[in-house]
Amino acid sequence: MSRKLPTVGILGGGQLARMLTLAAAPLGIRTLVVDGTSDACAGQVAELIVADWSDDAALADFARRVDVVTFDFENVPAAAAERLAGLVDVFPNPRALAVAQDRLSEKTLFRETGLDTPEFETVDTREDLVRAVARIGAPAILKTRRLGYDGKGQFRLKTADDIDAAWAALGEAAGKHGLILEAFVPFDRELSVVAVRGRDGSFRAWPLTRNWHVDGVLSLSLAPAPGTSDELEQAATAHARAIAEKLDYVGVFALELFVRGGDLLGNEMAPRVHNSGHWTIEGAHTSQFENHIRAVLGLPLGDTGVRGASAMLNWIGDMPDPAPVLSVADGHWHDYGKEARPGRKVGHATLCAADAGSLRAKLAEVGVGLGRESQVAPAVELLG
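What counts, and at which threshold
- Residues numbered from 1 in each chain as written.
- Predicted model: local features only at pLDDT ≥ 70, side-chain atom pairs only at ≥ 80, totals over all residues.
- Heavy atoms only, no water.
- Buried < 20%, exposed > 50% of the residue type's maximum accessible area, 1.4 Å probe, protein only.
- Helix = DSSP H or I, 4+ residues; strand = E, 2+ residues; numbered from the N terminus.
- Phe/Tyr/Trp six-rings, centres within 6.5 Å; stacked < 30°, edge-to-face > 60°.
- Salt bridge = Lys/Arg side-chain N within 4 Å of Asp/Glu carboxyl O.
- Pairing = 2+ DSSP bridges.
- Axes fitted to C-alpha atoms, helices over the stretch in contact; angles between N-to-C directions.
- Parallel < 35°, antiparallel > 145°, perpendicular 65-115°, else oblique.
- Left-handed = near helix turned anticlockwise from the far one by under 90°.
- Contact = heavy atoms within 4.5 Å.
- Nonpolar A, V, L, I, M, F, W, Y, C, P; charged D, E, K, R; others polar.

What follows covers helix H1 (residues 15-24). The buried fraction of H1 is high, at nine of 10 residues. Among the residues of H1, Gln15, Leu16, Ala17, Arg18, Met19, Leu20, Thr21, Ala23 and Ala24 are the ones counted as buried.

In structure tokens form, the structure reads like this:
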């Protein structure tokens, strides 16, 4: 007698859905992906339904074919998640998705759970922007409250003289998505907590990750984050747990943090598996992708401990030659199968080593081989 394999439905067919599918397969779990484009890269490894998320008939058919639904993209319309939640289990829940989609709701949640944030003001009109700059000061960053990610939907005001330019760039979005002005934080470093919460309330977190961004897009991650005290690690993890419990969150999420003078400030939350956790595929006992699948299906969570030290290099726009990475021991290559395009995440590489010194040597070697010494330089310097 054949047994029915559980099926996880994924809204969004990008590289995160692709990696969730690859993590699900060894567990005997199928995936079914819905995306609005026929060339979604997850469709190379999973069954793909091409449909708009507003297509009620397609979503109803999708719900009938899966045991649980999750997301690979935080900008999936919360209304679609709500409709699906009436038909099938949806994790994380639509409320968590809606909060993380709105920077005002997100910042408010952080403060409600005890995590400080940079100063912020809502902006609906140009006059609001003038008042907000007068209160917060400059430099500051004007952002859309919704539908902004990877540096999109943002304008940095260096001085108050930039108000007109900022409003010209984003003013039209004020009526559609709302705007928020955030104080610019002269932070010491950027960290992220990647954590997972199960359907039974169990909670685990991977070690803190140190991140470097270029033009608002993640370029390099290093884990475990060097030079991080036990007290800072415990505080960051406690904030992540408090947020997850407040939202009754199920699945993997990332909490992005600024460190300023030993204090933690909440930047953003991603209600999904996250770029800064890609190193866990090879560098941890259980990857973020496998633990997300486990969590949404109610399976026991896996060990989030590390195997050593890891660095992840993000490939933006086009893929470099894989040979320098594949030529070193414990060098791992991930091609997302996407067409090259400026600003597009097309792949990543992870280098793993037993200790920080060995990882530094590998990074330096790979950086030279790729002609990307500047990309690896921050980690090489920190590990030196």
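Next comes the rest of the account.
Another aspect to go through is the packing of aromatic side chains. Scanning the entire structure with this criterion turns up three aromatic pairs. Aromatic pair phenylalanine 187 and phenylalanine 258: ring centres 4.6 Å apart, planes at 5 degrees, arrangement stacked. One end of the pair, phenylalanine 187, is in the loop between strand S9 (179-183) and strand S10 (189-197); the other, phenylalanine 258, is in strand S14 (residues 251-260), with 71 residues separating them in the sequence. Of the residues examined, phenylalanine 187 reaches a relative accessible area of 30% and is grouped as partly exposed.

Moving on, we come to the pattern of salt bridges. Counted by the stated rule, this structure contains 20 salt bridges. For glutamate 290, the salt bridge identified is with arginine 294, shortest N-O distance 2.7 Å. Highlighted residues: glutamate 290 and arginine 294, both in helix H10 (residues 288-297), separated by four residues, approximately one helical turn. Arginine 372 is the partner of aspartate 318 in a salt bridge, and the nearest nitrogen-oxygen pair spans 4.0 Å. Residue aspartate 318 is located in the loop between strand S16 (309-316) and helix H11 (323-326), and its partner arginine 372 is located in the loop between helix H12 (356-370) and helix H13 (373-383); the two are separated by 54 residues in the primary sequence.

Let's shift gears to the sheet that holds S9. Read across the open sheet, the four strands follow the order S6-S9-S7-S8; overall the sheet is antiparallel. Strands with a single pairing partner mark the edges of an open sheet, and in this sheet they are strand S6 (120-123) and strand S8 (154-157). Averaged over all neighbouring strand pairs, the angle between strand axes comes to 20 degrees, with direction disregarded. The sheet contact formed by S6 and S9 spans four bridges and is antiparallel.

Where helix H6 (residues 126-136) meets helix H7 (residues 163-177), the closest approach of the two axes is 11 Å, and the angle between their N-to-C directions is 135 degrees. The orientation of H6 relative to H7 falls into the category oblique. Between H6 and H7 lies a crossing of right-handed hand. Taken together, the residues of H7 that come into contact with H6 (itself represented by Arg126, Leu129, Val130 and Val133) are Ile163, Asp164, Ala166 and Trp167. Looking at side-chain class alone, the contact of H6 with H7 contains six nonpolar, no polar and two charged residues.

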